[in-house]
Amino acid sequence: MMKHPALVRAASIAVTVLLAVSTGFFLFYEGEAVPVMAHPARFTGSTVVIDAGHGGEDGGAVSPAGHVESQVNLAVAQRLDAILGLYGADVVMLRTEDVSLHDPEAQTLKEKKNSDLHNRVARIEAVPGATLISIHQNTYSGSARYHGAQVFYADEASSLGLAQHTQELLRQALDPENSRQAARLPNTVYLMNHISCRAILVECGFLSNPEEDALLQTGSYQTKIAAALASAYLSYQEPENDQEGERALESQDRLLLYGVRK
């Protein structure tokens with residue numbers, strides 16, 4: 001029997017055991033149970049396109065300790081892919097390695113970045129009815145005190161609801177004191193403003209904050225972020241009938257996001 005690609009990737013990121021109990025599914029990571037969502041079911045919805053931002057020569061932000069954004073983005077993306085795969089969601093990963101997606105003829109770093117962005121847009125637009133989750137890390141050069149996850153969107157009509165829902169679940173899962181709100185991106189963010197599908201961009205935390213940077217480097221915290229993102233997507237799906245609608249309305253009460261030890 002062919003294995004689901006996400007389950008294969010799950011083994012590579014040390015999500016080693018899946019246990020079904022009366023309250024739902026638990027991922028076991030480094031000896032700790034990570035409850036993801038109670039009473040899981042096979043959700044039918046749009047294909048999730050997971051975009052691990054940057055990659056290769058374009059590493060994105062770099063923390064004072066030398067940690068590169070693109071690598072953290074990929075680690076969270078792989079965990080999100082694995083968790084969504086366990087629920088039977090259709091997932092497309094834009095990259096599965098720390099590489100740029102530019103065309104071979106691109107030579108300079110600027111050319112590679114432009115080519116990479118155009119190729120990401122083309123791959124996303126090729127997926128009918130997709131939902132994009134683009135994963136990034138934040139930074140602020142003026143101060144190390146800023147912290148907290150924040151969700152962004154470009155098109156209000158298609159994406160505001162998912163952005164607000166995801167922001168709330170990230171707050172519950174990662175930092176109850178986080179007062180950040182989902183926010184609209186400026187039109188200068190090329191990828192998010194050149195796609196037609198529902199899409200959110202998630203800044204998981206600030207690499208410029210030493211404490212948050214240290215958390216973002218740990219597999220347990222990366223899994224915690226991925227579990228919150230998966231729960232947000234799964235619980236936001238539009239119901240197909242009255243029975244599904246009742247289950248969707250109850251889903252908020254059934255989310256288990258208290259996660260792993262920091």
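The structure under discussion appears in the preceding block.
Residues numbered from 1 in each chain as written. Predicted model: local features only at pLDDT ≥ 70, side-chain atom pairs only at ≥ 80, totals over all residues. Heavy atoms only, no water.

### Side note on the nonpolar core
Phase 1 of the analysis: Leu80, Leu84, Ile135, Leu170 and Ile225 are the most contacted members of the largest nonpolar core, which has 39 residues in total.
Phase 2 of the analysis: Of all elements in the fold, only strand 4 (48-52), helix 2 (69-86), strand 6 (131-138), strand 7 (150-153), helix 4 (156-174), strand 9 (198-206) and helix 7 (219-236) reach the threshold of two or more residues within this core.
Phase 3 of the analysis: Sequence-distant contacts of Ile225, defined by excluding residues within four places in its chain, comprise Val76, Leu170, Leu174, Cys204 and Leu216.
Phase 4 of the analysis: Ranked by size, the runner-up nonpolar core spans 17 residues in total, among them Val49, Ile124, Ala130 and Met192. (Core = buried A, V, L, I, M, F, W, Y, C linked by side-chain atoms within 4.5 Å. Buried < 20%, exposed > 50% of the residue type's maximum accessible area, 1.4 Å probe, protein only. Helix = DSSP H or I, 4+ residues; strand = E, 2+ residues; numbered from the N terminus. Contact = heavy atoms within 4.5 Å.)

### Notes on the packing of helix 2 against helix 7
Phase 1 of the analysis: Following both chains from N to C, one finds helix 2 and helix 7 inclined at 50 degrees, their axes separated by 8 Å at the closest point. The angle between helix 2 and helix 7 places the two elements in the oblique class. Considering the relative orientation of helix 2 and helix 7, their crossing is right-handed. Contacts between helix 2 and helix 7 pair Val72, Ala75, Val76, Arg79, Leu80, Ile83 and Leu84 from the former with Gly219, Gln222, Thr223, Ile225, Ala226, Ala227, Leu229, Ala230, Tyr233 and Leu234 from the latter.
Phase 2 of the analysis: A breakdown of the residues in the contact of helix 2 with helix 7 according to their chemical character gives 13 nonpolar, three polar and one charged. (Axes fitted to C-alpha atoms, helices over the stretch in contact; angles between N-to-C directions. Parallel < 35°, antiparallel > 145°, perpendicular 65-115°, else oblique. Left-handed = near helix turned anticlockwise from the far one by under 90°. Nonpolar A, V, L, I, M, F, W, Y, C, P; charged D, E, K, R; others polar.)

### Brief notes about the pattern of salt bridges
Phase 1 of the analysis: Taken as a whole and assessed by the stated rule, the structure comprises six salt bridges.
Phase 2 of the analysis: Salt-bridge contacts for Asp98 lead to Arg95; the nearest nitrogen and oxygen are separated by 3.6 Å.
Phase 3 of the analysis: In this structure, Glu156 and Arg184 form a salt bridge, with 3.7 Å as the shortest nitrogen-oxygen distance. Taken together, the positions of Glu156 in helix 4 and Arg184 in strand 8 (residues 183-184) put the pair 28 residues apart, joining distant regions of the chain.
Phase 4 of the analysis: Owing to a relative accessible area of 42%, Glu156 belongs among the partly exposed residues under this scheme.
Phase 5 of the analysis: Each of Asp51, Asp116 and Arg120 takes part in one network of salt bridges that share partners. (Salt bridge = Lys/Arg side-chain N within 4 Å of Asp/Glu carboxyl O.)

### Observations regarding the pairing of strand 6
Phase 1 of the analysis: Among the eight residues in strand 6, eight count as buried, and that is most of the element.
Phase 2 of the analysis: Alternating positions in strand 6 separate into two faces, Thr131, Ile133, Ile135 and Gln137 on one and Leu132, Ser134, His136 and Asn138 on the other, with burial throughout.
Phase 3 of the analysis: Bridge analysis of strand 4 against strand 6 gives five bridges, and the strand direction is parallel. Within the sheet, the bridge partner assigned to Val48 lies in strand 6 and is Thr131.
Phase 4 of the analysis: Here strand 6 pairs with strand 9 via seven bridges, running parallel. Residue pairing in the sheet places Ile135 in a bridge with Val202 of strand 9. (Pairing = 2+ DSSP bridges.)

### Brief notes about the sheet that holds strand 7
Two strands in a sheet stick together by hydrogen bonds in their backbones, pointing the same way (parallel) or opposite ways (antiparallel).
Phase 1 of the analysis: Strand order in the open sheet formed by six strands is 5-4-6-9-7-8, and the pairing between neighbours is mixed. Both outer strands of the open sheet, strand 5 (91-93) and strand 8, are each paired with one neighbouring strand and no more.
Phase 2 of the analysis: Looking at chain direction, strand 7 and strand 8 are connected through two bridges and run parallel. Paired with Phe152 across the strands is Ala183, a residue of strand 8.
Phase 3 of the analysis: Packing against the sheet, helix 7 makes contact with strand 4, strand 6 and strand 9, and its axis sits at approximately 155 degrees to strand 9.

The analysis is restricted to geometry; functional conclusions fall outside its scope.
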